[in-house]
Amino acid sequence: MASDARATSLKRIAEGVWHPPRSSEAITAEIWVQGDSVIVRRAGASAGEPALALGFLSTIEVSSRVGNVPRRIAFSNGSLFETPDNAGIDQLLTKHGSNRAGAFVHGLERFHPRLIVFVAAVFLLATAIYRFALPALVEVAVLVTPDVVPQTMSAGTLKSLDATLLKPSQLPEAKRRAIEEGFGDLAKRADRGTGGYSLNFREGGAIGPNAFALPSGTIILTDELVDIAGDDPDMVLAVLAHEIGHVDKKHSLRQIYRAAGTAGLIMLIAGDVGTAMQDVLTNGAALLSLSYSREAESEADHYSVILMTKSGRDPMALARFFTALQEKLQVGTEGTSMFDTHPGMPDRQKMIEQWSKEARETAATRTK
Amino acid sequence: MADTSAQGAGGLVRAEFRGTASEYFGIWMVNILLTIVTVGIYSAWAKVRRNRYFYGNTFVAGQSFDYHAKGKQIFIGRLIVFAGLIAINIVTAIVPLLALVSPIVFLVALPWLMARGLRFSARVTSYRNVRFNFTGTAWGAFTSVVLGGVVATLSLGILAPLASRWFYRYLFNNLRYGDRSFSSDPRVGKIYGAALPAIILFVVGIVISIAIAFLIFMASNQLPADGSVEEALENAFAAGLFGMIVPLMIIYFLCAILYRAGVRNVVMNASLLDERHRLFSDLPRFGYLFVVVSNLFLVFLTMGLMRPWTAIREQRYVIKHSGITFDGDLGTVLDSMEAAGVAATAEYLDLEGFDFGF
C-alpha cells in the first residue's frame, strides 16, 4: 500500500464474511478502505494483525447490486468478501464513480411509482408486438420454410386418420366422378395447378360432415358433407375451393407459427413464467395450432368465391352450403363450441354475397 | 458465522428464501421492458439478474448461493444456437432431403447438449466461494434421460418412476460441490409410493372425464335431430370426444405437479453430500399443488402482473421445505476446479429448462 498522495484516513465500509482463496472456510471480517486501497481484516483484529486480503479499487471485482442480495467482493487472489450491507458498498462505489451501469439498472428496478409507467409501457409495447411484430415474424417464417416441411408434416396424418376416425367412402361411383371432375377444374385454376392437390373421399364417422386440407395439398372430403349438399353440386365444389384456399394461403403453417410464436415470445420476454404457465402455454399453443383463425376462414371464403367465379360456377354456393349445414346440424351445439372453427356463419354469408358481387363485376368488366 | 469452517455440528438445517415480491417486481418489470426495447438481446442479461436474485436470496446456514453466469456468455450461447438454426434452414433450402436428416442429427446431439447444459448450470453456481460442477457425460445423458424418456412414454407412464430414478441418479451422482461429491440412490419402490396420489388422481380423473364425455354424448343424443339417428349419434360422439380432451389435459397437468413434488421428496431424501450429509425435502404434495394452481389463476386474472408475487411465493414454499442434515462437520471444502474462472467462462451452452433448481 503505497501511501496515497491524498493520504485519506482508514475507513470501515462494511461487516461480513471472508472466504480464503478457493475455500469454503468462512471468517467473520470487516472491509476497510484507505484512498483506493481495499483491506479485509478479521473482525476484532488487533492492530498488529496482518490483513486477510489486500487490493485496489481498480483490481477488486464487486458484484453489481440486485435487490438486497449479499454483495460479493472478489480479490485477485481468489478470496472473497461477502456482505449483506449493500448501502455501505454502494456508498463506496458512488464515491469512486465505478460500476455505473449496474447501479443504473438497479436504480430503475427499485420499488418506486416510476414502475407504473414501466408497466403501462410494457402493456403498450406488448400489444404492438402482438399486432405488428408477430404477424411479420410469421410471414418471415412461412417464407423461409422449405416445401418439404409441410409435406413431411402431413405425410402420416391421413394414414393415422384412416386408422382411427375415417372409413372408406360409400359414395356412388358416378357422384364421385362428378365431384372429381369439378375439383380438377378448380385445381387447374389454383396456385399449384392440377398436380398440386389430391382429393380423398372418406366416410367421416365421428367427425361427421366435414372437409379439411392438409398443408401438403391433400384434401379430405366426407360422404356426410356430400349428403348435405344434396343435388347442388356447386356446394361441394365451393367447399373444396375453400379448402384449396387454406392450402394456397398456407394457413396451417401460419397457424402453427402463430401459436408457437405467441407462446415463444411470451416465454422469451417474460423470461420467467413458471413451469405451470409454461405447460399451459405450450399445450395451449398446440391446441390452438389445430384450428384456423377467423381471418384464415374469411380469407379461404374469399378464395373460394374467386376460384368459383374463375371456373364459371356459382360463388354463392358456399353461402348456400352454410345454410344447409346449419339446418342439418342442430345437434352438437354444446361441447364443440371451443373447437368450432367456423364461427359467425351469418357474417360470413354476408361477406360471401358481397365478394360474389364484386367478383361478378370484375369478371364482367374484363369481358367487355 | 464465527470462525467455524462449516455448518453446525449436526442436525437438520432448513434452507430459507429471503426474496420479496416488491423487490422482484421491479427487477421483473425492468427485465421485460429492456428485453422488448433491445429486441430480445437483453433477455440474456435479464436471466442473469433474475437468477442472481433467486440464488442470492436462497440461504443455507446463514449464507446464500450465487449465480455467476455473465449476460454476454449466455448471449453468445444463444447466438450460436440461433446461427445453427439458420444454417440448418439454409442447408435444407438448398438440399431439401436434409430436412429429414436434421431431426436425427438433433436427436443424436441432444444428450451432448443436455450434459453440457447441466455442466453450465452447475459451474455457474457457487456457495461459500466454492463452485458446483457436473461431470456427467453425453453417453450418461443418453442412457438415463433419453432412454428413460422413451421407456416412460412407451409404457404410457407406468415405468415413469424408473425413468425418474435413472435421471436423478445421473444428475446427483455426477454433481460435485468443490472437492466433495453428491450421491443418490432413490429406490424405485419409494418413487412408486410417492407417485401413488398422482396415479390415483389420474385414474379417478380419467373415469370422471369419461363420465362427462358420456353425459355430453347422452345429452346431445336426445336433441331432436333432423338427420338419421345414426348421424345424430355420431355427432354426439364427436362432442363427447372433444369434451374429453381438455379435461384430460388438465388432469395430466395436475398429476404431473403431484408427481414432481413426490419424486423430489424421495430423491432429495435419498441423496447424500460427501457420503454423510443427507439432503432433505418435505414438500407437501397437495400444499404445493395448491400453491402452483392458485398462482396460475392469479397470473391469468391479473394479466401477468402478479407473476412476481407468485414466483416469490412458490420459491419460498419450495425452499422452506428443503434442507440438509449434517452428520458432523462438513469441514473446509476446496474448489477443485483448476482456475475456476476460466473453466466457467468457457461455457456457453446454457440449455433452458435444465437448471438444477436448488
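Calculation notes
Residues numbered from 1 in each chain as written. Chains lettered and ligands numbered in written order. Predicted model: local features only at pLDDT ≥ 70, side-chain atom pairs only at ≥ 80, totals over all residues. Heavy atoms only, no water. Helix = DSSP H or I, 4+ residues; strand = E, 2+ residues; numbered from the N terminus. Buried < 20%, exposed > 50% of the residue type's maximum accessible area, 1.4 Å probe, protein only. Contact = heavy atoms within 4.5 Å. Areas by Shrake-Rupley, 256 points an atom, 1.4 Å probe, with all protein chains shown as cover. pLDDT = per-residue confidence, 0-100. Pairing = 2+ DSSP bridges. Buried area = accessible area lost by both parts, 1.4 Å probe. Salt bridge = Lys/Arg side-chain N within 4 Å of Asp/Glu carboxyl O. Polar contact = N/O pair within 3.5 Å; in protein donor to acceptor, adjacent residues only side chain to side chain. Nonpolar A, V, L, I, M, F, W, Y, C, P; charged D, E, K, R; others polar. Domains from an automatic or database assignment. Axes fitted to C-alpha atoms, helices over the stretch in contact; angles between N-to-C directions. Parallel < 35°, antiparallel > 145°, perpendicular 65-115°, else oblique. Left-handed = near helix turned anticlockwise from the far one by under 90°. Core = buried A, V, L, I, M, F, W, Y, C linked by side-chain atoms within 4.5 Å.

A. Region of interest: the overall build of chain B. Per the secondary structure count, chain B includes 11 helices and 11 strands. Counting over 358 residues, chain B shows a buried share of 48%. For chain B, the proportion of contacts with a sequence separation of at least 24, taken over those separated by at least 6, is 75%. Counting every atom, chain B has about 16,700 Å² of accessible surface; 72% of that belongs to carbon and sulfur.

B. Inspection of the confidence of the model for chain B at higher detail. Residues and elements named next belong to chain B. This prediction gives chain B a mean pLDDT of 82; 83% of its residues lie at or above 70. A low-confidence stretch, residues 223-231 (pLDDT under 50), is modelled with 7 contacts involving residues beyond four sequence positions or located in other chains. Both confidence scores are given for the complex: pTM 0.82, ipTM 0.80.

C. Summary view of the sheet that holds strand β7 (residues 80-83) of chain A. All names here are of chain A. In spatial order, the strands read β4-β3-β2-β1-β7-β6-β5; together these 7 strands make up an open sheet with antiparallel pairing. The open sheet has two edge strands with one neighbour each: β4 (53-56) and β5 (61-62). Here strand β1 (residues 11-19) pairs with β7 via 3 bridges, running antiparallel. Its bridge partner being in β7, His 19 is matched across the sheet by Leu 80.

D. Main features of the interface of chain B and chain A. Taken together, the contact between chain B and chain A spans 76 residues of the former and 72 residues of the latter. Buried area between chain B and chain A, summed over both chains or domains, comes out near 6,300 Å², and the portion from carbon and sulfur atoms is 64%. For the chain B face of the interface with chain A, the top three residues by lost area are Arg 49, Arg 52 and Asn 129 of chain B, together amounting to 11%. On inspection of chain B and its partner chain A, the count reaches 3 salt bridges. Where Glu 109 of chain A meets Arg 49 of chain B, a salt bridge forms, and the shortest distance between an N and an O atom there is 2.7 Å. Our enumeration of links across chain B and chain A arrives at 16 residue pairs in polar contact (both at pLDDT 80 or more). Ranked by residues supplied to the side of chain B that touches chain A, first place goes to helix α1 (residues 21-37) of chain B with 14 residues. The class makeup of the residues in the side of chain B that touches chain A is 40 nonpolar, 20 polar and 16 charged.

E. View of the sheet that holds strand β10 (residues 211-213) of chain A. Residues and elements named next belong to chain A. Strand order in the open sheet made by the 4 strands is β8-β9-β11-β10, with mixed pairing throughout. At either end of the open sheet lies a strand with only one pairing partner, and these are β8 (167-168) and β10. Note: β8 against strand β9 (residues 198-203), 2 bridges, orientation antiparallel. Note that in β9 the partner of Pro 168 across the bridge is Arg 202.

F. Spotlight on the environment of Leu 98 of chain B. Residue and element names in this part refer to chain B. Among the structural elements, Leu 98 can be located in helix α4 (residues 98-123). Exposure remark for Leu 98: the relative accessible area of 33% places this residue in the partly exposed category. Residues Leu 98 and Ile 88 lie 10 residues apart in sequence; the distance between their C-alpha atoms is 8.7 Å. In this view, Leu 98 contacts Val 91 and Thr 92; residues no more than four positions away in its chain are not counted.

G. The domain arrangement of chain A, seen in detail. Each domain of chain A was delimited in the assignment, giving domain 1 (11-109) and domain 2 (149-251 + 277-333 + 341-367). Centre-to-centre separation of domain 1 of chain A and domain 2 of chain A, based on C-alpha positions: 70 Å.

H. Region of the structure containing the packing of helix α5 (residues 138-154) of chain B against helix α6 (residues 160-173) of chain B. Residues and elements named next belong to chain B. The geometry of α5 relative to α6 is characterised by a closest axis approach of 8 Å and an angle of 165 degrees between their N-to-C directions. Taken together, the axis directions place α5 and α6 in an arrangement best described as roughly antiparallel. Crossing of α5 against α6: the hand is left-handed. Here α5 contributes Gly 140, Ala 141, Thr 143, Ser 144, Val 145, Leu 147, Gly 148, Val 151 and Ala 152 to the contact with α6, which in turn contributes Ala 160, Ala 163, Trp 166, Phe 167 and Tyr 170. Partitioning the contact of α5 with α6 into residue classes produces 10 nonpolar, 4 polar and no charged.

I. Region of interest: the pattern of salt bridges. Considering all chains together, one arrives at 26 salt bridges over all chains under this definition. Of the charged contacts, one joins Arg 180 of chain B and Asp 274 of chain B as a salt bridge, the two residues approaching to 2.9 Å between their closest N and O atoms. Pair noted here: Arg 180 of chain B is in strand β8 (residues 180-184) and Asp 274 of chain B is in the loop between β9 (271-273) and β10 (277-281), with a separation of 94 residues, a long-range link. Judged by relative accessible area, which is 13%, Arg 180 of chain B ranks as buried. Residue Asp 274 of chain B is classed as partly exposed on the basis of its relative accessible area of 25%. Each of the salt bridges in this network shares a partner with another, and the network as a whole consists of Asp 185, Lys 188, Arg 189 and Arg 313 of chain A.

J. Representation of the nonpolar core within the structure. Judged by nonpolar contacts, the single largest core of 98 residues is most densely connected at Tyr 24, Met 29, Tyr 67, Phe 132, Tyr 177, Phe 182 and Tyr 288 of chain B. Considering each element in turn, this core owes the most residues, 11 residues, to helix α8 (residues 229-269) of chain B. Not counting chain neighbours up to four residues away, the residues in contact with Tyr 24 of chain B comprise Asp 272 of chain A together with Arg 50, Tyr 53, Phe 54, Pro 308, Ala 311 and Ile 312 of chain B. Of all hydrophobic cores here, the second largest spans 41 residues; its members include Ala 213, Met 235, Ala 238 and Ala 317 of chain A.

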